[in-house]
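The residues making up each chain are set out below.
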Amino acid sequence: MAVAVHAGLSQLMYAGIGVDLPVPVEQRRGAAEIMYYGGDLAELMLAVALVLGWKPAGRARRALAAG
């Protein structure tokens, strides 16, 4: 849900819809691009961290019981 909201907000910001920022259009669009692509990069890094940190509890319990 957060991914979709973040992407949607950055697209609205790029288009200038519903956003009233006191900056030039080029700066607003540049910030929206950073938000859009940077958000994707951050989400990818979070997914990698989740996969690398995944340790199923079942295997650990079986090893301790056999141990």
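In this text, all values refer to a predicted model and were calculated from it rather than measured experimentally.

### Section: the overall build of the chain
Consideration 1: What the chain contains, in helices and strands, is three helices and zero strands.
Consideration 2: Sequence-ordered secondary structure for the chain, helices as α and strands as β, is α-α-α.
Consideration 3: Split into buried and exposed, the 67 residues of the chain put 10% on the buried side.
Consideration 4: Accessible surface, the chain: about 5,600 Å² in total, of which carbon and sulfur atoms supply 69%.

### Quick word on the confidence of the model for the chain
Consideration 1: In this model, the chain carries an average pLDDT of 83, and 85% of its residues clear a pLDDT of 70 or more.
Consideration 2: Here helix H3 (residues 57-66) stands out as the least confident element of the chain, with mean pLDDT 67; helix H2 (residues 25-52) is the most confident, with 88.

### Brief notes about the side chain of Arg-28
Consideration 1: Examined against the element boundaries, Arg-28 turns out to sit in helix H2.
Consideration 2: Buried charge Arg-28 goes without a salt bridge, the closest partner of opposite sign being Asp-20 at 7.9 Å.
Consideration 3: Beyond its immediate stretch of four places on either side in the chain, Arg-28 contacts Met-13, Tyr-14, Ala-15, Gly-16, Val-19, Leu-21 and Val-23.

### Examining the packing of aromatic side chains
Consideration 1: Counting across every chain of the model gives one aromatic pair.
Consideration 2: Each ring, one from Tyr-36 and one from Tyr-37, has its centre 5.1 Å from the other, and the planes form 85°; the classification is edge-to-face.

Rules and cut-offs
- Residues numbered from 1 in each chain as written.
- Predicted model: local features only at pLDDT ≥ 70, side-chain atom pairs only at ≥ 80, totals over all residues.
- Heavy atoms only, no water.
- Helix = DSSP H or I, 4+ residues; strand = E, 2+ residues; numbered from the N terminus.
- Buried < 20%, exposed > 50% of the residue type's maximum accessible area, 1.4 Å probe, protein only.
- Areas by Shrake-Rupley, 256 points an atom, 1.4 Å probe, with all protein chains shown as cover.
- pLDDT = per-residue confidence, 0-100.
- Lys, Arg positive; Asp, Glu negative; His and termini not counted.
- Salt bridge = Lys/Arg side-chain N within 4 Å of Asp/Glu carboxyl O.
- Contact = heavy atoms within 4.5 Å.
- Phe/Tyr/Trp six-rings, centres within 6.5 Å; stacked < 30°, edge-to-face > 60°.

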